[in-house]
Amino acid sequence: MIHVLFFCFCLSAGLTVASSFWILNKRLDCSQPGLDHCKINNCSDKSVVAQRAPTSPDWGPEHVGVEMDKHGTVPVMNVQWKLKSDGVLNLRGSEINILDESTNQSMCVQFFYNIQQQLNPNYTRWTFSLDGVVVEPGQTYLVSVVNLPEPKSGDNRIRKQITFPRCDDSRIQTARTCLENGSLWKPHMTAAMSVDRQHKKLYIVVSFEAAQYSERYQVSIQSQALHHSRNVSKENTTSLNVTFEFGLWQLSQCEMLLTIQPYFPRCKNHCRRHKEKLDYCPYYPPRTLIIKAVVGLLVIDVCLFYFLWRAFHKDSVNTPSSAAKSEPEGFQLQERKRVLIIYSLDHPLYKNIVLKLCGFLATKCGTEVVLDLLDSARLGMLGSIQWLDWHREQIESSSDKILILCSPGVQAKWRAMCGHKQVFLREDARSPVGDMLTPALSLMVPHFIRSASFEKYIVAYFDDICSEKDVPSPLNITVRYKLMKQFEEIFFRIHDTEKHEPGRVNHIEGLSEDEYHQCLSGRALRDAIDAFRAYQLVHPQWFEDELLESSEVEVEETSADIYDNATHVKTHESDITADKTGLYMAEQLQMCSSVELNHLIVEDMLPV
């Protein structure tokens, strides 16, 4: 990833120390494996235009945080974008512009490079970023990126608005700008009250801790009939005390509001105030407590009578409104959807995760799950190719979906289909259905690359135990979801609806990353993920340990058959035989290289 830094662009962007944003001064790093002749220039030269121009890039995620400069910690923003693999050979560079919408100040960064391959050496899309942009909390910035050379006609520039979080966001609270606004100040306010019954006086002593950057404070107490304030300076102390004195005749209510107003150098008179409610009735004459107790008992009696009356007059028939409450808030299931799950048997613990995910989809999400391990009888009758093709045709002719779970085994088997070393997994050899992923890819990839079929396929991976590198290159042209972080988005994809609609954001209770494990099936899924993650920490080479040599496959299959004979009826040899059409397609995919396949995919996507 390219880090574009401060000292390359000060002159070109006209930035000074007083600017509302700049780029941190760090050592320039313009290196990236597979990138030739990378150099960073300013934007003073006019951009070159060309008839044959590259396509526009895609946005990556932006990141916010804090970093150090010579004056202390500052809030920074990192902007990332990715190149599309269909036009990188015409690409000569990129240009990024950032505009502060509140001040109209802008910066422009332009850099050039040569790319010889559509994908980087890691077989992923080329990714670039502009890191360390120092910004102001709460400001909105318009960011745009265009690939060079720019087209003579049309607009290939991508744009998006980024509103930087305010100082109440935990990611930037330690920045000096936020500290000078009191972001981390905790006053630990306490109030001690005492009553002088002889002189009918109430005394309140307010104690709190002073902040690092605030020298003076205003402490106020108010109720319906009074308002008293005291100004106090910190001087050289860290703890401050303020005493208030009231006549009991002044107090008409039990509750009072205590407020501390700090004065920080940046927010000044508009700093966030700390408030706390006080109840002084326990210190008031006893008759007040007696009156309150009598009134409280009357209220309890009235409420008890009301609930008893409702219990005797409750209608036994369920109303439509009560039935509707059983539906998820903001979303109602129109029909029960079916999902075919495609995956690789990487490890017994990973197989357990897949099974637990099926249980969660069925019990919590009301989804019908199609899985080879759960349909072994029909699979044994039809054979793997026919079983997969039959389900694919059923889904193509309906609104159901195919969920592809990517893992190291998926990537390895895809590369084997494109000419790399053959892959034999221990769990495939033990399974009665064998390797179902390779025939699934041979059948589905040609359908997947047609844009009309995108909505039928959902690509996802468990980011706690896998990564985006496990996604095969043909699947990179669609959205890749992270489980369980983005499971709610997958739920909406399954049901052909959108999470974000005009004027509303749909949310299903119990499906977010922080909530899904609150039900029994979700807790089982989380425990399965945690178990495999713990196993990976102890065995970092776990995937290599699961790979078998060709001589070992027969041994594993023999041991699996012995176990299978003891527990299941062995399927006939003819049932496992694939049809000639499916085998021919698999052999053709095995002979192709990844570069040739990418070329075929691009040609298939072109309009006829």
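Since this is a predicted model, take the numbers as computed values, not measurements. (Residues numbered from 1 in each chain as written. Predicted model: local features only at pLDDT ≥ 70, side-chain atom pairs only at ≥ 80, totals over all residues. Heavy atoms only, no water.)

The next thing to look at is the overall build of the chain. Across its full length, the chain carries 17 helices and 26 strands. Among the 608 residues that make up the chain, the fraction classed as buried is 46%. Nonlocal contacts in the chain, meaning residues at least 24 apart in sequence, comprise 69% of its contacts between residues at least 6 apart. Accessible area of the chain: about 33200 Å², with a carbon and sulfur share of 53%. (Helix = DSSP H or I, 4+ residues; strand = E, 2+ residues; numbered from the N terminus. Buried < 20%, exposed > 50% of the residue type's maximum accessible area, 1.4 Å probe, protein only. Contact = heavy atoms within 4.5 Å. Areas by Shrake-Rupley, 256 points an atom, 1.4 Å probe, with all protein chains shown as cover.)

Attention now goes to the packing of aromatic side chains. Any two aromatic rings considered together are summarised by their centre-to-centre distance and by the angle between their planes. With the rule as written, the count across this model stands at 12 aromatic pairs. Seen from their ring centres, Phe208 and Tyr217 are 5.4 Å apart, and the 70° between their planes marks the pair as edge-to-face. Among the aromatic residues, those joined into a cluster by ring pairs are Trp185, Phe208, Tyr217 and Phe264. (Phe/Tyr/Trp six-rings, centres within 6.5 Å; stacked < 30°, edge-to-face > 60°.)

Another aspect to go through is the pattern of salt bridges. Using the criterion set out here, one finds 25 salt bridges in the structure. Linking Glu427 and Lys351 is a salt bridge whose minimum nitrogen-to-oxygen distance equals 3.2 Å. Taken together, the residues span a long stretch of sequence, with Glu427 in helix H9 (residues 426–430) and Lys351 in helix H5 (residues 348–363) at a distance of 76 residues. A salt bridge links Asp428 to Lys413, with the nearest nitrogen and oxygen atoms 2.6 Å apart. Placement of Asp428 in helix H9 and of Lys413 in helix H8 (residues 408–417) is noted, with a sequence separation of 15 residues between them. Residue Asp428 is classed as buried on the basis of its relative accessible area, which comes to 10%. Bridged by salt links that share partners, the residues Asp58, Lys84 and Arg125 form one connected network. (Salt bridge = Lys/Arg side-chain N within 4 Å of Asp/Glu carboxyl O.)

Let's shift gears to H8. Within H8, nine of the 10 residues are buried, which leaves it mostly tucked inside the rest of the structure. All of the buried residues along H8 are Pro408, Gly409, Val410, Gln411, Ala412, Lys413, Trp414, Ala416 and Met417. Looking one or two places after H8, you find Gly419, whose phi comes out positive at around 110°.

Mean pLDDT over the chain works out to 77, with 75% of the residues at or above the 70 mark. For the stretch residues 2–19, pLDDT sits under 50, and the model shows 53 contacts to residues farther than four places along the chain or on other chains. Ignoring residues within four places in sequence, the model shows residues 562–608, a span with pLDDT below 50, making 55 contacts including any to other chains. (pLDDT = per-residue confidence, 0-100.)

With respect to the helices, strands and loops of the structure, Pro57 is situated in the loop between strand S3 (49–50) and strand S4 (58–59). For Pro57 and Arg157, which are 100 residues apart along the polypeptide, the C-alpha to C-alpha distance reads 8.0 Å.

Another point: the packing of helix H7 (residues 384–396) against helix H10 (residues 437–448). The axes of two packed helices give the description: the angle between them and the distance between them. As a packed pair, H7 and H10 sit with axes 9 Å apart at the nearest point and diverge in direction by 30°. One element, H7, and the other, H10, form an angle in the roughly parallel class. Viewed along their axes, H7 and H10 form a crossing whose handedness is right-handed. Contacts between H7 and H10 involve Ser384, Ile385, Leu388, Asp389, Arg392 and Glu396 from the former and Pro439, Ala440, Leu443, Met444 and His447 from the latter. Taken together, the residues of the contact of H7 with H10 break down into six nonpolar, two polar and three charged. (Axes fitted to C-alpha atoms, helices over the stretch in contact; angles between N-to-C directions. Parallel < 35°, antiparallel > 145°, perpendicular 65-115°, else oblique. Left-handed = near helix turned anticlockwise from the far one by under 90°. Nonpolar A, V, L, I, M, F, W, Y, C, P; charged D, E, K, R; others polar.)

Next up on the list: the state of the cysteines. Counting across every chain of the model gives two disulfides. Sulfur-sulfur distance for the disulfide between Cys167 and Cys178 comes to 2.2 Å. On the sign convention where negative is left-handed, the bridge of Cys167 and Cys178, at about -80° about the S-S bond, is left-handed. Of the two residues, Cys167 is situated in the loop between strand S12 (158–163) and helix H2 (176–179) and Cys178 in helix H2; the sequence distance between them amounts to 11 residues. At a sulfur-sulfur separation of 1.8 Å, the disulfide partner of Cys267 is Cys271. With the S-S bond torsion at 95°, the cross-link from Cys267 to Cys271 turns out right-handed. (Disulfide = S-S within 2.5 Å.)

This part takes up the nonpolar core. Inside soluble globular proteins, nonpolar side chains tend to come together where they are buried. Counting 72 residues, the largest nonpolar core has Ile341, Ile342, Phe360, Leu405, Phe462, Met484 and Phe487 as the members making the most contacts within it. The residues touching Phe360, leaving out its near neighbours within four places in the chain, are Cys365, Met484, Phe487, Gly510, Leu511, Tyr516, Cys519, Ser521, Gly522 and Leu525. If you look at the next biggest cluster of nonpolar residues, it comprises 31 residues, including Phe21, Ile23, Val64 and Leu83. (Core = buried A, V, L, I, M, F, W, Y, C linked by side-chain atoms within 4.5 Å.)

This paragraph deals with the environment of Lys485. Locating Lys485 in the fold gives a position in the loop between strand S24 (480–483) and helix H11 (487–494). Given the relative accessible area of 43%, Lys485 is considered partly exposed. C-alpha separation for the pair Lys485 and Asp514, spaced 29 residues apart in sequence, amounts to 8.5 Å. If sequence neighbours within four positions are ignored, Lys485 has contacts with Asp463 and Glu513.

What follows concerns a nonpolar patch on the surface. Nonpolar side chains collect at one region of the surface, where Met381, Leu382 and Trp390 lie side by side and expose about 310 Å² of accessible area between them. By secondary structure assignment, the location of Leu382 is in helix H6 (residues 376–382). (Patch = residues over 30% accessible without salt bridge, like charges linked within 9 Å, V, L, I, M, F, W, Y side chains within 5 Å.)

Looking now at the packing of H5 against helix H12 (residues 520–538). Taken N-terminus to C-terminus, the directions of H5 and H12 make an angle of 160°; their axes are 8 Å apart at the nearest point. As far as their axial angle goes, H12 and H5 are roughly antiparallel. When the axes of H5 and H12 are compared, the crossing they make is left-handed. Contacts from Leu349, Tyr350, Asn352, Ile353, Lys356, Leu357, Gly359, Phe360 and Thr363 of H5 reach H12 at Ser521, Gly522, Ala524, Leu525, Ala528, Ile529, Ala531, Phe532 and Tyr535.

Below, the discussion takes up the sheet that holds strand S13 (residues 190–196). The strand order across the open sheet formed by three strands is S13-S14-S17, and the pairing between neighbours is antiparallel. On the outer flanks of this sheet lie S13 and strand S17 (239–247), each paired with one strand and no other. Neighbour-to-neighbour, the strand axes of the sheet open up by a mean angle of 15°, direction not taken into account. Pairing of strand S14 (residues 201–209) with S17, which is carried by nine bridges, proceeds in the antiparallel orientation. Among the inter-strand pairings, Val206 is bridged to a residue of S17, identified as Val242. (Pairing = 2+ DSSP bridges.)

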